[in-house]
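Listed below, chain by chain, are the residues.
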Amino acid sequence: MDKDLASIQEARDLIKKALVSQKIYEQLDQDKIDETVKYIAQKIYERSEELATLAVNETGFGNVKDKTFKNQFASMTLFNYIRDMKTRGIINIDEEKKIWEIGVPVGVIVGLIPSTNPTSTVIYKTLISLKSGNAIIFSPHPAALLCITRTVDLIRSYLKELSLPEDLVSVLSIPTIEATDALMKDDNISLILATGGKAMVKAAYSSGNPALGVGPGNVPVFIERSANIKQAVSMIISSKTFDNGVICASEQAVVVEDVIREKVIEEFKAQGCYFLNEDKKKLLEKIMVNKNGTLNTKIVGKTPEAIGKMAGLEILQGTKILIGFEDGVGKEYPFSMEKLSPILGFYTEDSWISACEKCIEILKFGGIGHSLSIHSENMDIVREFALKKPVFRILVNTPSTHGAIGASTSLAPSLTLGCGAVGGSSTSDNVTPLHLINVRRIAFGKEPWQEKEIKDYDIDTLKALIKKIIAEISL
């Protein structure tokens, strides 16, 4: 059988098995589901470094230390957040309004997994799917097939240890575009969790099945004059260098006011960053983008030294970030795009107002709806940014990467960050198990309903009666 046909058949087989397994699993009560999620989270947490090593060795993206943290975050940090979340049975009773709410699993979910964050995304999507009573089938990026498959195999073994159907969690062993398309378009699929390239996310929304997708994140960070500059720079570096910059919530461009420009530059230099002169910047730009203007994936998740070597530049070992001065935004200005590597664009504006506009311009170039970071002690300016920015996560005085995913803020721990309608997403939230259930509502009558006798009323009296009934219903 041809590869594409074999992959399509495999997709169909996995759906059939997942449907049977999910019907069994949805009969479990909340306590049993919580025990399942806890057991898998604890067991997979213990394999965090092993899986991180596999991911780095296979994809070449990021580093083992930070990928280990992401696996731990996607397992136990996530579990501790969702452990008391009610998703099954009666999840809420409103005595005053006489409404009961019952959590109902959506069914079988398709999870698209990127090569940049492969094992952590599998762990995260597995746990939120199982917590909500669903089964999930993964479509892996071919460049991360081995580490994704290993993660799924471990999870399946833990399900077997719990005497639960292994096919609650499965993965395509023959990842093709045709198989992924067949998964997403199948009538038995209830929801798609799409994390990946823009084309893949768009395909998920075009499949005919409900989807929760993640748009790109071209995140600007504004350092306002009242900020603690040393602290702000330190946070930006810790965020941008985390896993060599592959998380979409990491900062992509620094915007500063002219009055603090030199102080910020000196602080970046003092903390190990390298500012490129115009000639070196042009050399780097040549290897940052492909001929069609898209990001060159060869630089994704690489160190500054490795990226410099590709460009013919000698970068000192231990350099944290490569920074290029920039004025414009758009395809002809590579430093203004999402770079998924330890590279930053650097913009200077004469006031916070023009800085605000520059941030919006950057966001509109591939990051609208996602996230923005600001370092400031002036809450009036923070408020103005919050009211004007077309994003749904504004991170204040915290590393953007860690803040957006809920590691350094109180946002919901998540590796799927919705960008809202403006960003082409069906949600603006950090996705949790509550996004993977439907809610059945039981509503009791507020008072005995009495049929109104209207046949003997004249037209004015009838109008008054109708108006009164409408008012009662509105209450």
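Residues numbered from 1 in each chain as written. Predicted model: local features only at pLDDT ≥ 70, side-chain atom pairs only at ≥ 80, totals over all residues. Heavy atoms only, no water.

Chemist: What exactly am I supposed to notice about the pairing of strand S11 (residues 322-325) here?
Modeler: Taken residue by residue, a regular strand's side chains alternate between the two faces of the sheet. Both strand S10 (residues 274-276) and S11 contribute to a ladder of 3 bridges, which runs parallel. Within the sheet, the bridge partner assigned to Leu-276 lies in S11 and is Gly-324. Two elements, S11 and strand S12 (residues 343-349), share 4 bridges in a ladder whose sense is parallel. In the sheet register, Leu-322 faces S12, and the bridge partner there is Ile-343. (Pairing = 2+ DSSP bridges. Helix = DSSP H or I, 4+ residues; strand = E, 2+ residues; numbered from the N terminus.)

Chemist: Help me out: how do you make sense of the environment of Phe-222 in this one?
Modeler: Position of Phe-222 among the secondary structure elements: in strand S8 (residues 219-223). Taking relative accessible area as the criterion, Phe-222 reaches 0% and is therefore assigned buried. Once the C-alpha coordinates of Phe-222 and Lys-358 are considered, the two residues, 136 residues apart in sequence, prove to be 9.5 Å apart. In this structure, Phe-222 is in contact with Val-255, Val-256, Glu-257, Trp-352, Ala-355, Cys-359, Ser-373, Ile-374, His-375 and Phe-385, ignoring residues within four places of it in sequence. (Buried < 20%, exposed > 50% of the residue type's maximum accessible area, 1.4 Å probe, protein only. Contact = heavy atoms within 4.5 Å.)

Chemist: Would you mind showing me how to read the nonpolar core here?
Modeler: Taken as a class, soluble globular proteins show a tendency for nonpolar side chains to be buried jointly. With 70 residues, the main nonpolar core has Leu-130, Phe-138, Leu-159, Val-169 and Ile-192 as its most contacted residues. Tallying contributions element by element places helix H6 (residues 145-161) first for this core, with 7 residues. Leaving out residues up to four positions away in the same chain, Ile-192 has contacts with Val-110, Leu-112, Met-184, Ala-204, Ser-207, Asn-209, Pro-210, Ala-211 and Leu-212. Formed by 20 residues, the second largest nonpolar core is a distinct cluster that contains Ile-237, Val-254, Val-256 and Ile-321. (Core = buried A, V, L, I, M, F, W, Y, C linked by side-chain atoms within 4.5 Å.)

Chemist: I would appreciate a short explanation of helix H13 (residues 352-364) in the present structure.
Modeler: Taking 1.5 Å per residue, 13 residues should reach 18 Å; H13 reaches 18 Å between its end C-alpha atoms and fits that length. Looking at H13, one finds that the buried residues are Ser-354, Ala-355, Cys-356, Lys-358, Cys-359, Ile-360, Ile-362 and Leu-363. The elements touched by buried residues of H13 are S8, strand S9 (251-257), S12, strand S13 (369-375), helix H14 (379-388) and strand S14 (391-396). With its phi angle positive at about 95°, Gly-366 sits one or two positions after the end of H13. (Expected span 1.5 Å × (residues − 1).)

Chemist: Any chance you could explain the sheet that holds S14 here in plain terms?
Modeler: By way of backbone hydrogen bonds, the strands of a sheet pair with one another, either parallel or antiparallel. Reading across from one edge, S10-S11-S12-S9-S8-S13-S14 is the order of the 7 strands in this open sheet, with parallel pairing throughout. Since the sheet does not close on itself, it has two edges, and those belong to S10 and S14, each with one partner. Averaged over neighbouring strand pairs, the angle between their axes works out to 25° when direction is ignored. Its contacts with the sheet put helix H10 (residues 261-270) on S8, S9, S10, S11 and S12, and the angle it makes with S12 is roughly 160°. Sitting on the sheet, helix H11 (residues 278-288) touches S10, S11 and S12, and the angle it makes with S10 is about 90°. (Axes fitted to C-alpha atoms, helices over the stretch in contact; angles between N-to-C directions.)

Chemist: What exactly am I supposed to notice about the packing of H13 against H14 here?
Modeler: To describe two helices that pack against each other, one gives the angle between their axes and the distance between the axes. Their axes nearest at 11 Å, the elements H13 and H14 cross at an angle of 30°. Put simply, H13 runs roughly parallel to H14. Between H13 and H14 the crossing geometry is right-handed. Residue-level contacts link Trp-352, Ala-355, Cys-356, Cys-359 and Ile-360 of H13 to Ile-381, Glu-384, Phe-385 and Lys-388 of H14. Tallied by class, the residues present in the contact of H13 with H14 amount to 7 nonpolar, no polar and 2 charged. (Parallel < 35°, antiparallel > 145°, perpendicular 65-115°, else oblique. Left-handed = near helix turned anticlockwise from the far one by under 90°. Nonpolar A, V, L, I, M, F, W, Y, C, P; charged D, E, K, R; others polar.)

Chemist: When you look at the side chain of Lys-389 in this model, what are you seeing that I'm missing?
Modeler: Within the secondary structure, Lys-389 is located in the loop between H14 and S14. Although Lys-389 is buried, it makes no salt bridge; Glu-357 carries the closest opposite charge, 6.1 Å away. A distance of 3.1 Å separates a polar atom in the side chain of Lys-389 from the backbone oxygen of Cys-356. Setting aside anything within four residues of it in sequence, one finds Lys-389 in contact with Cys-356, Cys-359, Ile-360, Leu-363, Leu-372 and Ile-394. (Lys, Arg positive; Asp, Glu negative; His and termini not counted. Salt bridge = Lys/Arg side-chain N within 4 Å of Asp/Glu carboxyl O. Polar contact = N/O pair within 3.5 Å; in protein donor to acceptor, adjacent residues only side chain to side chain.)

Chemist: Sorry if this is basic, but what is going on with helix H9 (residues 229-240) here?
Modeler: Because an α-helix completes one turn every 3.6 residues, residues spaced three or four positions apart along the sequence face the same direction. For H9, spanning 12 residues, the distance from its first C-alpha to its last is 16 Å, which sits close to the expected 16 Å at 1.5 Å a residue. Regarding H9, the residues found buried are Ile-229, Ala-232, Val-233, Met-235, Ile-236, Ile-237, Ser-239 and Lys-240. Where H9 is buried, its residues meet S8, S9, H10, S12, S13 and helix H15 (400-404).

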